[in-house]
Structure formats: C-alpha cells, structure tokens
Amino acid sequence: MSEIPTYTMPPEWCAFMTALGALISADRVQHFGNPTQEIQIATSGEIIADLSHFALVSAQGDDAEKFLQGQFTSDIREVSNGFSQLSAYCSPKGRALAVTRFFRRDERYYFNLPASLLESTLSRLRKYIMMSKVTLEAVNGWAHIGYADPRGGGHLRDALNTDLPAAVNGVIHSAGITVIRVAGGPARFELCGEFALLQSLWRKLHVHTAPVGAGPWEYLDIQAGLPCVYPETSDAFVPQMLNLDLLDGISFKKGCYTGQEVVARMHYLGKLKRRMFRLHCERDTPPPPATPLFHSALRGDESAGGVVRAQTSPDGGSELLAVLHLDAGAEGELRLGGHDGPLCRRLPLPYALDTGGD
C-alpha cells in the first residue's frame, strides 16, 4: 500500500500556471493579476480556472463498486462513463467528512475532494478495505480545470471537436480528457486529464477565455448552491443539512453504508432542523468555513448556524453558503461572527429548498 502524499501543486503544472501569469500561494491559483476584474468576468464572461486545489482519487479492483457503495451516500451503481454523481463520505454518526463528485472512466472510479482532506479521507477509507479487492490511490500526473461560458460552451466544443454533455452531471470522454457538466450558469464544466492534454486545451481556450483564480470558480459553485466540506467543517453537518438530498447526492434505497442509520432516520422521521442557505454578507473579506452566524431571535452565545463556504461577491461584500436553523433562514436579522457583526441577507437558491423537514 502506497503512502498518502501531502498535497502540493505538481511542479510541472505549477510552472505552466506561473508562465501564464498566475499568482500561486497555499497550493492554489489566487489570481492572474487582477482579482477584482476576474470576479466580475466570472459572472458574465467566458472563463477558465485551475482546480488543482481539489485532489483526485482513483478506485479500482474487482470489489471497487461494492466497497464504495458501502462508504458513500449516493448509489455508486448509477455512476457510469456517461454520468457523474455528488456524494458524501460520512462518519458512523452520519456527519459528512467530505463531499465528493464521482465519475467513471474505463474500469476505474474517480472522486474529487479538497486537497486539504486527501490525507485524512484516504487514511480512513483504507482502514475499511480489509480483504476487499480494491485499491485507492491519489491520482498523479493529471490536471483538473474548470470552464464556464454564458453562451453555451461553443469554444470548448470546437477545441475538443465533440458534443458536450447536455445535462448537469453528464460526462463525455474525448481524446483522453473527461468532461463533466456541473450545475451553475448556462454552461459550466470540469475537465480532467493528463498534464500535456490539459495544457494543450488550455492554450486553445485561452484565445477566447479569461483565466481566473480559484475564488471566482468557487463563487459560481456558491451561486449554484453546491456544498463543500473543508477541514474546519469536516464531521459537522449531516448530508441533508448541506442539501445533498436535493442535489441527488443521497440514496435512501441503496442499503447500508457508513452513517446510513443516522441519515435515514433524519429523512424518514422528519428530524431535520437545519438547511443550507445562500447569503450575502456586508464584509469584503470572505469568512472562513465554520464562522458562526447569529440571529436576532437568539441572544447570548447560541449561534444560528455556520459558514459552509464563502467568496468575494462582484457586487461588494461576500457571498456564502451557510447551514442555519430553519427559523433563522426564514426571517429576522442575521449577522456574521457575533450579534454586532456584519449584516447578512438571504439570497435565493437555484433549487427548491424544503424547509418543512424531511
């Protein structure tokens, strides 16, 4: 069994990004010289972003499907060469340790997650392999990028010379590159493949697109209502609190998996008291995950919930996803960090939010 590497951006890809003008710190592209302009472009223009701060894991072997089925919340049997799937990896107490996206390529399953969770997730998963014929490995030598186009993705289609996935979660594989359609905007895609292939594709797309840092891409994720778990919030939320049941990231028919009893009980007995909401906050610096929010009806030290993910808003301030008590998500005054902190206002999500419990 190979050791789990501590994540650093691969030198070859780092050099490629640097040559394109990227400012890299904390093993992610912060921006390409003008972060203010990049967040503005992300809302209305054609963009390309490096996503190598998300690690990719492969699972292969005769028992790979069975093993993954017993560890993640979604029905892994539905993942195919043409269909990807959001999922969560939970603790025995039913709390999400990571949120992932699964896809399949040839005979292997792949899933991604923040690189900051790679070591802890792989270490924990490998403890459950036992005698199963499955190998879990961090993928090396591949790049991971994002592309968004409000006009439908024509330049990406031309560059790959193939039709793109028409529906969210759809997947195509073209000349060694995997293309996954993700939620948010008229056309948004994540692409994975070997360094040389993605470098060539980036150069083709760069003629028509604006390169942006990690922040603008996460802003589009937030607008799409897509959750993410970081080390600060790992083991903090039941998957339904992250709206994964509304995003087809939980199967209630597949049978047992780690944490399934808690997740199922919350679904069938209607005990869910929190959901993930989208908010705008009057604070220019995005708050880190797990920053508490406070509601005018709750005095003292009791918080109404916490930040899931946040990024700079092109309209000023920050936009964020936060798990809140259902009552706090409905009305009243919300503030960040304390009762006298920056004011937050509620924004709509692109999907129906059931606040009546499961």
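Model, not experiment: these values are computed from the prediction. (Residues numbered from 1 in each chain as written. Predicted model: local features only at pLDDT ≥ 70, side-chain atom pairs only at ≥ 80, totals over all residues. Heavy atoms only, no water.)

Take the overall build of the protein chain next. For the protein chain, the count of helices and strands is 9 helices and 19 strands. For 358 residues, the compact-globule estimate of 2.2 N^0.38 gives 21 Å, and the protein chain sits close to it at 20 Å. Overall size of the protein chain, expressed as C-alpha extent along the three principal axes, is 55 × 50 × 35 Å. Split into buried and exposed, the 358 residues of the protein chain put 56% on the buried side. Across the protein chain, the centroid of the 33 positively charged side chains sits 4 Å from that of the 39 negatively charged ones. (Helix = DSSP H or I, 4+ residues; strand = E, 2+ residues; numbered from the N terminus. Rg over C-alpha atoms; globule rule 2.2 N^0.38 Å. Buried < 20%, exposed > 50% of the residue type's maximum accessible area, 1.4 Å probe, protein only. Lys, Arg positive; Asp, Glu negative; His and termini not counted. Charge placed at Lys NZ, Arg CZ, Asp CG, Glu CD.)

Attention now moves to the packing of helix α2 (residues 35-42) against helix α7 (residues 214-223). Relative orientation of the contacting elements α2 and α7 amounts to 30°, with a least axis distance of 9 Å. As summarised for this structure, α2 and α7 are arranged roughly parallel, according to the angle between their axes. Of the two elements, α2 crosses α7, and the hand of that crossing is right-handed. Side by side, α2 and α7 meet where E38, I39 and A42 of the first sit next to P216, Y219 and L220 of the second. Its residues assigned to classes, the contact of α2 with α7 shows 5 nonpolar, no polar and 1 charged. (Axes fitted to C-alpha atoms, helices over the stretch in contact; angles between N-to-C directions. Parallel < 35°, antiparallel > 145°, perpendicular 65-115°, else oblique. Left-handed = near helix turned anticlockwise from the far one by under 90°. Contact = heavy atoms within 4.5 Å. Nonpolar A, V, L, I, M, F, W, Y, C, P; charged D, E, K, R; others polar.)

Take the sheet that holds strand β4 (residues 54-60) next. Here 5 strands make up an open sheet; going across it, the order is β5-β6-β7-β4-β8 and the pairing antiparallel. Where the open sheet ends on each side, the last strands, each with one partner, are β5 (85-90) and β8 (135-138). For this sheet the average axis-to-axis angle between neighbouring strands, irrespective of direction, equals 30°. In this structure, β4 lies alongside strand β7 (residues 108-114), joined through 6 bridges in antiparallel fashion. If you follow F54 over to β7, its bridge partner there is P114. Sheet strands in contact with helix α4 (residues 118-127) are β4, β5, β6 (96-105), β7 and β8, and its direction is about 170° off that of β8. (Pairing = 2+ DSSP bridges.)

What follows concerns the pairing of strand β9 (residues 142-148). Among the 7 residues that make up β9, 7 are buried, leaving the element largely enclosed by the rest of the structure. Both faces of β9 are covered, namely the face carrying W142, H144, G146 and A148 and the face carrying A143, I145 and Y147. Pairing analysis gives 4 bridges linking strand β3 (residues 47-50) to β9, with the strands arranged antiparallel. Bridged to A49 within β9 is G146.

So, on to the packing of aromatic side chains. Counting across every chain of the model gives 12 aromatic pairs. Geometrically, the ring pair formed by F72 and Y89 is tilted, given 5.4 Å between the ring centres and 35° between the ring planes. Here F72 is found in the loop between α3 (64-69) and β5, whereas its partner Y89 is found in strand β5, with 17 residues between them in sequence. Grouping residues by exposure puts F72 and Y89 together as buried. Consider the rings of F72 and F102, whose centres lie 4.8 Å apart with planes at 85°: the pair is edge-to-face. In this pair, F72 sits in the loop between α3 and β5 while F102 sits in strand β6, placing the two residues 30 residues apart along the sequence. For F72, a relative accessible area of 0% puts it in the buried group. Of the residues examined, F102 reaches a relative accessible area of 0% and is grouped as buried. In this structure an aromatic cluster arises from ring pairing among W13, F16, F32, F195 and W202. Just above the ring of W217 sits the side chain of R188; from NZ or CZ to the centre is 4.6 Å. (Phe/Tyr/Trp six-rings, centres within 6.5 Å; stacked < 30°, edge-to-face > 60°. Lys NZ or Arg CZ within 6 Å of the ring centre and 35° of its normal.)

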